[in-house]
Amino acid sequence: MSENLKPQEISGSLSAEGLRFGIVVSRFNSFITDRLLAAAVDALERSGAASADVEVVRVPGAFELPLVAKKMASTGRYDALVAIGCVLRGATTHYDYVCSETSRGLQLAQIDTGVPVMFCVLTCDTLEQAIDRAGLKGGNKGFEAGMGAVEMARLSQKLRGDVGAPSAKANARRKK
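Q: Go over the overall build of the protein with me, naming the residues and quoting the values.
A: Looking only at helices and strands, the protein features six helices and four strands. When the helices and strands of the protein are placed in sequence order, the string is β-α-β-α-β-α-β-α-α-α. Over its C-alpha atoms the protein spans a radius of gyration of 17 Å, differing by no more than 12% from the 16 Å that the globule rule assigns to 176 residues. If one aligns the C-alpha atoms of the protein with their principal axes, the spans along those axes are about 55 × 50 × 30 Å. Here the protein holds 176 residues, and 43% of them are scored as buried. Separation between the mean location of the 22 positive side-chain charges and that of the 19 negative ones in the protein comes to 6 Å.

Structure follows, in structure tokens:
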């Protein structure tokens with residue numbers, strides 16, 4: 001890289017104040033997803049999100065996450081979403097289909113709507129691996145997803161040029 005070129009760097013901050021978040025969480029493997037949810041909410045709270053600005057929607061399983069995430073994003077009420085699930089490998093190929101289609105669907109939801117969707121779907125071979133990623137050895141991926149949602153919401157604001165005062169769209173959302 002040239003020593004004379006000093007590119008402008010654009011990044012998102014970690015302040016959730018004034019932002020709205022949606023969390024869609026799978027009830028399947030709730031022993032794990034409830035831990036991920038608690039950590040994601042903790043991350044949002046520590047970043048300055050207000051309770052009234054965080055909504056949680058529960059779905060039966062990971063496969064249902066993309067549909068609900070897209071519906072939530074399409075409302076225009078959220079600056080970012082977090083999709084939480086846990087898929088454990090079994091003896092059949094069902095795991096492969098659920099994992100690939102869930103990730104594909106969540107990616108399409110954010111691409112189609114422009115609303116960041118944080119992927120917090122654990123895809124583990126064993127329950128022990130999932131436990132490690134939901135608060136033991138591997139930290140808590142829910143917390144990481146919550147922080148990622150804040151950063152991506154702020155980055156999206158900057159890229160739209162909405163830095164500073166809340167956008168008209170955000171003000172309209174708050175009146176709903």
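Q: Mind laying out the nonpolar core, listing which residues take part and the relevant values?
A: Within the largest apolar cluster, 25 residues are counted, with the highest numbers of intra-cluster contacts made by Phe 21, Ile 23, Ile 32, Leu 36, Val 82, Ile 84 and Leu 122. If you list the elements that add at least two residues to this core, you get strand E1 (21–26), helix H1 (30–46), strand E3 (80–88), strand E4 (117–124), helix H4 (127–133) and helix H5 (141–160). If you tally residues by element for this core, the top one is H1, at five residues. In terms of nonpolar packing, the next biggest core, distinct from the first, is built from 19 residues, Val 24, Cys 99, Val 115 and Val 117 among them.

Q: How would you explain the layout of surface pockets if you had to name every residue and give the values?
A: By rolling a water-sized probe across the atoms, one finds the places where empty space is left. Computed from the structure, the second largest pocket encloses a volume of approximately 200 Å³. If you go around the second largest pocket, you meet 15 residues; those closest to its centre are Phe 28, Cys 86, Val 87, His 94 and Val 98. Listed by contribution, the elements that provide at least two residues to the lining of the second largest pocket are E3 and helix H3 (94–113). Taken together, the residues of the lining of the second largest pocket break down into eight nonpolar, five polar and two charged.

Q: Explain the pairing of E3 to me, using residue names and the numbers behind them.
A: With eight of nine residues buried, E3 is to be regarded as a mostly interior element. As paired strands, E1 and E3 are joined by five bridges and run parallel to one another. Bridged to Val 24 within E3 is Ala 83. Across eight bridges, E3 lies against E4 in parallel orientation. Its bridge partner being in E4, Val 82 is matched across the sheet by Met 118. A crossover links E3 with its parallel partner E4, the connecting element being H3, and its sense is right-handed.

Q: Quick one: what's the story with the sheet that holds E4, residue by residue and with numbers?
A: Ordered in space as E2-E1-E3-E4, the four strands form an open sheet in which the pairing is parallel. The strands lining the two open edges of the sheet, one partner per strand, are strand E2 (54–59) and E4. Adjacent strand axes in the sheet meet at a mean angle of 15 degrees when their direction is disregarded. Pairing analysis gives six bridges linking E1 to E2, with the strands arranged parallel. Bridge assignment links Gly 22 to a residue of E2, and that residue is Glu 55. Relative to E1, helix H2 (residues 65–74) is tilted by about 165 degrees, and along the sheet it contacts E1, E2, E3 and E4.

Q: Go over H3 with me, naming the residues and quoting the values.
A: Over its 20 residues, H3 runs 28 Å from end to end, which matches the ideal 28 Å to within 8%, given 1.5 Å per residue. Looking at the buried residues of H3, the elements they touch are H2, E3 and E4. Once H3 finishes, Gly 114 follows within two positions and takes phi at roughly 80 degrees, a positive value.

Q: Got a sec to walk through the state of the cysteines? Specific residues and values, please.
A: Disulfides are covalent bonds that connect the sulfur atoms of two cysteines. Under the counting rule described, the total for this entry stands at zero disulfides. Summary of cysteine pairing: Cys 99 is not part of a disulfide, and the nearest cysteine sulfur, belonging to Cys 124, is at 9.0 Å. With a relative accessible area of 13%, Cys 99 lands in the buried category. For the unlinked cysteine Cys 120, the closest cysteine sulfur is that of Cys 86, found at 9.6 Å.

Thresholds, definitions, all that
- Residues numbered from 1 in each chain as written.
- Predicted model: local features only at pLDDT ≥ 70, side-chain atom pairs only at ≥ 80, totals over all residues.
- Heavy atoms only, no water.
- Helix = DSSP H or I, 4+ residues; strand = E, 2+ residues; numbered from the N terminus.
- Rg over C-alpha atoms; globule rule 2.2 N^0.38 Å.
- Buried < 20%, exposed > 50% of the residue type's maximum accessible area, 1.4 Å probe, protein only.
- Lys, Arg positive; Asp, Glu negative; His and termini not counted.
- Charge placed at Lys NZ, Arg CZ, Asp CG, Glu CD.
- Core = buried A, V, L, I, M, F, W, Y, C linked by side-chain atoms within 4.5 Å.
- 1 Å grid on protein atoms, 1.4 Å probe; cavity = no way out; pocket = protein on both sides within 12 Å on 5 of 7 lines; lining within 4 Å.
- Points joined across faces, edges and corners; volume = space filled by probe spheres on them.
- Nonpolar A, V, L, I, M, F, W, Y, C, P; charged D, E, K, R; others polar.
- Pairing = 2+ DSSP bridges.
- Right-handed = clockwise from strand over helix to strand, strands pointing away.
- Axes fitted to C-alpha atoms, helices over the stretch in contact; angles between N-to-C directions.
- Contact = heavy atoms within 4.5 Å.
- Expected span 1.5 Å × (residues − 1).
- Disulfide = S-S within 2.5 Å.

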